[in-house]
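Here are the chains, one letter per residue:
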Amino acid sequence: MSDEQQTTAPRRVVVAEDESLIRMDIVEILRDNGYDVVADVGDGEAAVEVATELRPDLVVMDVRMPKLDGIEAAKRLSENHIAPVVLLTAFSQKELVEQASEAGALAYVVKPFTQNDLLPAIEIALSRYQQIITLEAEIADMAERFETRKLVDRAKGLLNERMGLTEPEAFRWIQKASMDRRTTMQAVAQAIIDQLAPKKDAPKKDDDQ
């Protein structure tokens, strides 16, 4: 075993999928790509229980499952800061995607999928979760955390549109600007929105004061 293998532990993953053949496929994909599948279960309640006990780096979970659906399970895991969640779904309707996002899922994959669909979604979820942890370390108040996450997400989107930065690059840009200017990421995000957002989106501050 090399020094790099000794120092970099594989990501620990819980897989939750009620269809056993699909669950086996997911486990095989993950193990073949260096992930450590610490548990695989067939319903949402078991997913929450085992993830809470084992504290994995990631949960890959189907939306439609017995006992507790994936969206509600993702919400519980997110609210308790257990692990980031990638949701699997047979549907890609906008409403379902929005529900998944509101529940705290950080990425989703539409069935049928290949490892080329699943693995990038996992990396996105892990990256976004690290961003959330970084933001929450900066901000104590829960309500302010939520507002800051919304601002930073919007600022990242604008940096992607206007400067071609990827999501991780945009976050690092905001983080570095925050450190360089000795200000908060919330302030940097707001400044980006003020500069780059279409003017029609800017709130009117002087009419209703």
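Throughout, residues of each chain are indexed from 1 in the direction in which the sequence is written. Two thresholds apply to this predicted model, a pLDDT of at least 70 for residue-level local features and 80 or more for giving and counting side-chain atom pairs, whereas whole-chain, interface and lining totals are computed over all residues. Neither water nor hydrogens contribute to the side-chain values; these are computed over all heavy atoms in the structure.

Naming follows an unreviewed UniProt entry, where the chain appears as Response regulator receiver and ANTAR domain protein of Microcella alkaliphila.

**What about the sheet that holds strand β2 (residues 36-41)?**
Where strands meet in a sheet, backbone hydrogen bonds hold them as pairs that are either parallel or antiparallel. Worth spelling out the cut-off: Paired strands are those between which DSSP finds at least two bridges. Strands here mean DSSP runs of E at least two residues long; helices mean DSSP runs of H or I at least four residues long; both are numbered from the N terminus. Structural elements are reduced to axes, namely lines fitted to C-alpha atoms, with helices fitted over the stretch in contact, and the angle between N-to-C directions of any two is expressed from 0 to 180 degrees. Any two residues whose heavy atoms approach within 4.5 Å at even a single point are treated as in contact.
Sheet architecture is open: five strands sit in the order β2-β1-β3-β4-β5, paired in parallel fashion. The sheet is open, and its two edges are formed by β2 and β5 (107-110), each paired on a single side. Direction aside, neighbouring strands of the sheet carry axes that sit 20° apart on average. As paired strands, strand β3 (residues 58-62) and strand β4 (residues 85-89) are joined by four bridges and run parallel to one another. By the bridge assignment for β4, V59 is matched with V85. On the sheet, helix α2 (residues 20-32) packs against β1 (12-16), β2, β3 and β4 and is oriented at approximately 170° with respect to β2. Contacting β3 and β4, helix α4 (residues 70-79) crosses the sheet at an angle of about 160° to β3.

**Remarks on helix α9 (residues 185-196)**
Condition: Working rule for helices: expected span equals 1.5 Å times residues minus one. Only protein chains enter the accessibility calculation, which uses a 1.4 Å probe. A residue is then buried if its area is under 20% of the maximum for its type, exposed if over 50%, and partly exposed in between. What the arc measures is the spread of directions leading from the helix axis to the C-beta atoms.
Taking 1.5 Å as the rise per residue, α9 with twelve residues should run 16 Å; its terminal C-alpha atoms sit 16 Å apart, in good agreement. Among all positions of α9, only M185, V188, A189, I192 and I193 are buried. Mapping the buried residues of α9 onto a view down its axis gives an arc of 140°, with all of them on the same face.

**Topic: α4**
For clarity, the threshold we go by: In protein, a polar contact requires one atom able to donate a hydrogen and another able to accept it; more generally it is a pair of N or O atoms within 3.5 Å, and residues adjacent in sequence count only if both atoms are side-chain atoms.
Of all the positions in α4, only G70, I71, A73, A74 and L77 are classed as buried. Along the long axis of α4, the arc covered by the buried residues comes to 160°, so they all point the same way. The distance from a side-chain oxygen at the start of α4 to the backbone nitrogen of I71 is 2.9 Å, and the residue carrying that oxygen is D69. In the segment just after α4, H81 is the residue with positive phi, at about 55°.

**What to know about the UniProt feature "modified residue: 4-aspartylphosphate" (unreviewed entry) in the chain**
Our working rule: UniProt positions are given in the numbering used here, feature names are shortened, and annotations may be inferred rather than shown by experiment.
If you check UniProt for "modified residue: 4-aspartylphosphate" (unreviewed entry), the listed places come out as D62 in our numbering. Excluding residues that lie within four positions of it along the chain, D62 makes contacts with A16, E17, D18, G70, L87, L88, T89 and K111.

**Considering the nonpolar core**
How we decide: Each nonpolar core is a collection of buried residues, namely Ala, Val, Leu, Ile, Met, Phe, Trp, Tyr and Cys, held together in the definition by side-chain atoms within 4.5 Å.
The biggest cluster of nonpolar side chains holds 24 residues, and the ones touching the most others in it are I26, L30, L58, V60, V86, L118 and I122. Sorting the residues of this core by element identifies β1, α2, β3, β4, β5 and α6 (115-138) as the ones contributing at least two each. A per-element tally of this core places α6 first, with eight residues. Leaving out residues up to four positions away in the same chain, V60 has contacts with V13, V14, V15, A16, I26, V86, L88, L118 and I122. Within the second largest apolar cluster, 22 residues are counted, among which are A47, A73, L77 and I82.

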